[in-house]
Amino acid sequence: MSQDVSNHPVPEAFAKQANLTPEKYAEMYEASIKDPDGFWAEHGKRIEWMKPFTQVKDVSWDKDDLHVRWFADGTLNVTESCLDRQLETRGAKPAIIWEGDEPDDSHTLTYRQLYHAVCRFSNVLKEMGVKKGDRVTLYMPMIPEASMAMLACARIGAIHSVVFGGFSPEALAGRIVDCQSEFVITADEGVRGGRKVPLKENTDRACDLAKGMVKKVLVVERTGVGVEMKDGRDVWLHEVGAEVDDTCAPEPMNAEDPLFILYTSGSTGKPKGVLHTCGGYLVWASMTHEYVFDLKEDDVFWCSADVGWVTGHTYIVYGPLANGATSLMFEGVPTYPSPSRFWEVCDKHGVTIFYTAPTAIRALMREGDGPVKATDRSTLRLLGTVGEPINPEAWEWYFRTVGDSRCPIVDTWWQTETGGTMIVPLPGTTKMKSGAGSHPFFGVVPKLVDAEGEVLEGATQGNLIITGSWPGQMRTVYGDHERFVDTYFSAYPGNYFTGDGCRRDEDGFYWITGRVDDVINVSGHRMGTAEVESALVSHDAVAEAAVVGYPHDIKGQGIYAYVTTVQGVEPSDELKDLLQKHVRSEIGPIACPDLIQFAPGLPKTRSGKIMRRILRKIAEDSYDSLGDTSTLAEPEVVDELIDGRQNKA
Ligand code: WTA
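Residues numbered from 1 in each chain as written. Predicted model: local features only at pLDDT ≥ 70, side-chain atom pairs only at ≥ 80, totals over all residues. Heavy atoms only, no water.

It is not clear to me how the UniProt feature "domain: AMP-binding enzyme C-terminal" (unreviewed entry) in the protein should be interpreted in this structure. Could you clarify?
Mapped onto the present numbering, the UniProt feature "domain: AMP-binding enzyme C-terminal" (unreviewed entry) falls on residues 531-609. Along residues 531-609 one finds 27% helix and 32% strand; the C-alpha atoms at either end are 18 Å apart. (UniProt positions renumbered as here; feature names shortened; annotations may be inferred. Helix = DSSP H or I, 4+ residues; strand = E, 2+ residues; numbered from the N terminus.)

Okay, here's the thing in structure tokens:
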């Protein structure tokens, strides 16, 4: 790293008002490790139970009998925590502040309004025939109806599967089919950065591709553009919604009944449906939200993620609402209409806690201090980041320029699989080092291991594992329990393998160094190299493709694709364009290769295995340290690849 690591004490004014102290953290952490059952029996009560649990934890990480159950004899409906219980004291409190794509477009929903809207939405779903346990796919823009749709599913016991609105019809269809979802909720169009996204049109195409799987499509009117409505299949929310009741009894759910599926990329094959259940997830979402963000009653909390990702699930919807907080939801992008937009929104709504991704910080940093300094930001008291390692330069800029050296930064390491934050410098409890994930959250025991599974002690670097279950842990891969076991519990038997590398320094701070598997982290979004490769080879011109990540100034990692063409097809710039378009339509813009290198052949071992290590080095433009190439079948391929590399310094 190019800059010295700074040590920052907790800013004094912040420390004075912090909910936690270093001592309190140490005490709670110790309690959570020494007596997990006692600790979680207590903290499990933070959410609303219809029938309280008496069992706390029933977990086995043994490969032959792998199961994860928390609070397993309790009954609840998560929306009672998020809505009903807030009505008495917070009925008139803003639950959602919505800021539209255009700066003059915003409105607020109080807890009472949200409660009734969700009840109405729930009744609409019932009218459509949605039942407990059914999978409902959401393909939505960032509008309050996205949160309502999630909560409405939860209220009636249906399982939501949110698919990011930037995914293509093909990707949407794949996810619909994988979880056999007969219902889709979408909008006529989405709006982002002044551009329209044809969500309904994409949905129609996905329904065709899913060949009769989808029985009903519920459409929310966002822009009012005319869209085609298919008779008998498509219904408008505002039409059916006007005729139903605004109360709806919450469905009693077992703590271990599924709450949602969220597809995420892995190192092999298709995206997998990460399954979270009701009780443990909500305990984890609400507890991490409260402690990580030093939550106070009058905070205005803004998580800038999209609800299509887990960050949006946990820290726009479930965590904040279960805590009765005010959650800001933003439809647009950081740079529209100007690079001051984030900070203008903070001023407009009095945002006190702001949580975003390093990629957004780096993009804004490039615009200089001017657009930040043109705004006030005096309401901000805490900043957060998530999604990828933050480089010290970006951290320092975020701290000094955005936060005026007044706001601590919580760098939260976690994953779709973990449900909520796992490693974090809890504000007020620790000095901060720019770029360090720092310390485990309550109940989390991280360890570093080498490739053989040997546990490494002291200041060291290795693969990051977690040694015991926590309530927010994913329960399985939907429809493929074996894949769950193989992916997370086979590398280091008895432990959860994160897929991340990590360093621990002399002070015991954890520093996440990034994925050690074939997952690329593009702008904080996970992309499996195998997925991009299979999209590329599905094009007629492509014989073989290998995809790796390379360092990218703004995105963190960019996508670098090596492509060999089929006989008779000549590489050309036009073909590059075509292939990029092809990947966009197969998966979506986030999967589009930044760089494509045509290659006469790929470096392989004599047994035919592609040597990715070499491809990664060439893509990083650090090919002078290629290491041993003597095991290659055709070593001369490497020289040709180096000559044709696309990322020359
Ligand atoms: C990476 C997002 C460093 C990591 C919540 C992880 C991070 C993957 C951080 C999960 C962080 C997330 N510092 N790396 N603060 N947060 N990551 O499932 O590689 O979209 O495994 O969950 O993002 O991405 P996912």
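That shown, we press on.
How should helix α11 (residues 278-292) be read in this particular structure?
Residues lying three or four places apart along an α-helix face the same way, a consequence of the helix completing one turn every 3.6 residues. Here α11 contains 15 residues, and its C-alpha end-to-end distance of 21 Å stays within 8% of the 21 Å for a straight helix at 1.5 Å per residue. The buried fraction of α11 amounts to 14 of the 15 residues, a majority that puts the element mostly inside the structure. Positioned one or two residues after α11, Asp 294 has a phi angle of 50°, which is positive. (Expected span 1.5 Å × (residues − 1). Buried < 20%, exposed > 50% of the residue type's maximum accessible area, 1.4 Å probe, protein only.)

Hey, could you run me through the sheet that holds strand β23 (residues 446-449) in this one?
Strands in a sheet are paired, the pairing made by backbone hydrogen bonds, and the direction either parallel or antiparallel. The five strands are arranged β24-β23-β25-β27-β28 in an open sheet whose pairing can be described as antiparallel. Unpaired on one side and paired on the other, β24 (455-456) and β28 (510-515) mark the two borders of the sheet. Taken together, the five bridges between strand β27 (residues 496-504) and β28 define a ladder with antiparallel strand orientation. Pairing of Asp 500 across the sheet is with Arg 515, part of β28. (Pairing = 2+ DSSP bridges.)

Help me out: how do you make sense of helix α8 (residues 169-178) in this one?
Within the span of α8, buried status applies to Pro 169, Ala 171, Leu 172, Ala 173, Arg 175 and Ile 176. Buried residues along α8 sit against β7 (135-139), β9 (183-187), α9 (199-209), β15 (258-264) and α19 (573-586). One or two steps after α8, the chain reaches Gln 180, where phi turns positive at roughly 50°. (Contact = heavy atoms within 4.5 Å.)

Would you mind showing me how to read the site of the ligand here?
The full set close to the ligand counts 17 residues, and Asp 411, Thr 412, Thr 416, Asp 500 and Arg 526 are the nearest of them. Within the backbone of Gly 387, a nitrogen or oxygen atom sits 3.0 Å from a nitrogen atom of the ligand. One nitrogen or oxygen atom from the side chain of Asp 411 is found 2.7 Å from a nitrogen atom belonging to the ligand. For the ligand, whose free accessible area comes to 530 Å², the fraction covered by protein is 96%. For the shell around the ligand, the elements supplying multiple residues, two or more each, are α12 (310-322), β21 (409-412) and β28. (Near = heavy atom within 4 Å. Polar contact = N/O pair within 3.5 Å; in protein donor to acceptor, adjacent residues only side chain to side chain. Areas by Shrake-Rupley, 256 points an atom, 1.4 Å probe, with all protein chains shown as cover.)

Would you mind showing me how to read the packing of aromatic side chains here?
For any pair of aromatic rings, geometry is given as the distance between the ring centres together with the angle between the planes. Evaluation of the coordinates by the stated rule reveals 42 aromatic pairs. Lying across the ring of Phe 167, Arg 175 places its NZ or CZ 4.4 Å from the centre. The ring of Phe 509 has Lys 433 lying over it, and the distance from NZ or CZ to the ring centre is 4.5 Å. (Phe/Tyr/Trp six-rings, centres within 6.5 Å; stacked < 30°, edge-to-face > 60°. Lys NZ or Arg CZ within 6 Å of the ring centre and 35° of its normal.)

Explanation requested: the pattern of salt bridges in the structure shown.
Side chains carrying opposite charge are able to pair once their charged atoms draw close together. Going through the model one piece at a time under the given rule, you end up with 40 salt bridges. Residues Asp 234 and Lys 200 are paired through a salt bridge, measuring 2.8 Å at the closest nitrogen-oxygen approach. Of this pair, Asp 234 sits in strand β13 (residues 234-236) while Lys 200 sits in helix α9, and the two are 34 residues apart along the sequence. Accessibility classification places Asp 234 together with Lys 200 in one group, the buried group. Among the salt bridges present, the one from Lys 555 reaches Asp 594, with a minimum N-O distance of 2.5 Å. Here Lys 555 is found in the loop between β31 (542-552) and β32 (556-565), whereas its partner Asp 594 is found in the loop between α19 and β33 (595-598), with 39 residues between them in sequence. Here Asp 594 falls in the partly exposed class, since its relative accessible area comes to 24%. (Salt bridge = Lys/Arg side-chain N within 4 Å of Asp/Glu carboxyl O.)

Would you take a moment to explain a negative patch on the surface for this structure?
Among the surface-exposed residues, Glu 634, Glu 636, Asp 639, Glu 640 and Asp 643 lie close enough to one another that they form a single negatively charged patch. Residue class for Glu 634 comes out partly exposed when judged on its relative accessible area of 46%. (Patch = residues over 30% accessible without salt bridge, like charges linked within 9 Å, V, L, I, M, F, W, Y side chains within 5 Å. Lys, Arg positive; Asp, Glu negative; His and termini not counted. Charge placed at Lys NZ, Arg CZ, Asp CG, Glu CD.)

What am I meant to see in the packing of helix α6 (residues 111-127) against helix α7 (residues 144-156) here?
Between two packed helices, both the angle of their axes relative to each other and the distance between the axes serve to describe the pair. Taken N-terminus to C-terminus, the directions of α6 and α7 make an angle of 65°; their axes are 8 Å apart at the nearest point. In this structure, α6 meets α7 at a crossing whose hand is right-handed. Facing Leu 114, Tyr 115, Ala 117, Val 118, Cys 119, Phe 121, Ser 122, Leu 125 and Lys 126 of α6, the residues of α7 in contact are Glu 145, Met 148, Ala 149, Leu 151, Ala 152, Cys 153, Arg 155 and Ile 156. Within the contact of α6 with α7, the residues separate by chemical class into 13 nonpolar, one polar and three charged. (Axes fitted to C-alpha atoms, helices over the stretch in contact; angles between N-to-C directions. Left-handed = near helix turned anticlockwise from the far one by under 90°. Nonpolar A, V, L, I, M, F, W, Y, C, P; charged D, E, K, R; others polar.)

So what exactly am I meant to see when it comes to the sheet that holds β21 here?
The sheet built from seven strands is open, its strands ordered β6-β5-β18-β17-β19-β20-β21 with mixed pairing. Each end of this open sheet is capped by a strand with a single partner; those strands are β6 (106-110) and β21. The average angle at which neighbouring strand axes cross in this sheet is 20°, direction not considered. As paired elements, strand β5 (residues 94-99) and β6 share five bridges and run antiparallel to each other. Residue Ile 96 lies in a different strand from β6, and its bridge partner there is Leu 109. The strands that helix α13 (residues 341-349) touches are β5, β6, β17 (300-303), β18 (326-330) and β19 (353-356); relative to β5, the one it contacts most, it runs at about 140°.

How do you make sense of the confidence of the model for the protein when you look at a structure like this?
Mean pLDDT over the protein stands at 96; residues scoring 70 or higher make up 99%. Here helix α21 (residues 636-643) stands out as the least confident element of the protein, with mean pLDDT 90; α7 is the most confident, with 99. Note on the complex model: pTM 0.96, ipTM 1.00. (pLDDT = per-residue confidence, 0-100.)

Is there a simple way to explain the UniProt feature "binding site: CoA" (unreviewed entry) in the protein in this structure?
In this numbering, the UniProt entry assigns the feature "binding site: CoA" (unreviewed entry) to Arg 192, Gly 193, Gly 194, Arg 195, Thr 311, Ser 523 and Arg 584. Over a stretch of 393 residues, the named residues are scattered through the fold, their C-alpha atoms separated by up to 23.9 Å. Its location among the elements puts Ser 523 in the loop between β29 (519-522) and β30 (525-528). Discounting chain neighbours no more than four positions away, the residues touching Ser 523 are Thr 359, Glu 388, Lys 555 and Gln 557. With respect to the helices and strands, Arg 584 occurs in helix α19. In this view, Arg 584 contacts Ser 168, Pro 589 and Cys 592; residues no more than four positions away in its chain are not counted.

How do you make sense of the packing of helix α20 (residues 612-619) against α21 when you look at a structure like this?
For the pair α20 and α21, interaxial distance at closest approach is 10 Å and the crossing angle is 25°. Taken together, the axis directions place α20 and α21 in an arrangement best described as roughly parallel. Crossing of α20 over α21 shows right-handed handedness. Taking contact as the criterion, the partners of Ile 614, Leu 615 and Ile 618 in α20 are, on α21, Val 638, Leu 641 and Ile 642. Here the contact of α20 with α21 is built from residues that sort into six nonpolar, no polar and no charged. (Parallel < 35°, antiparallel > 145°, perpendicular 65-115°, else oblique.)

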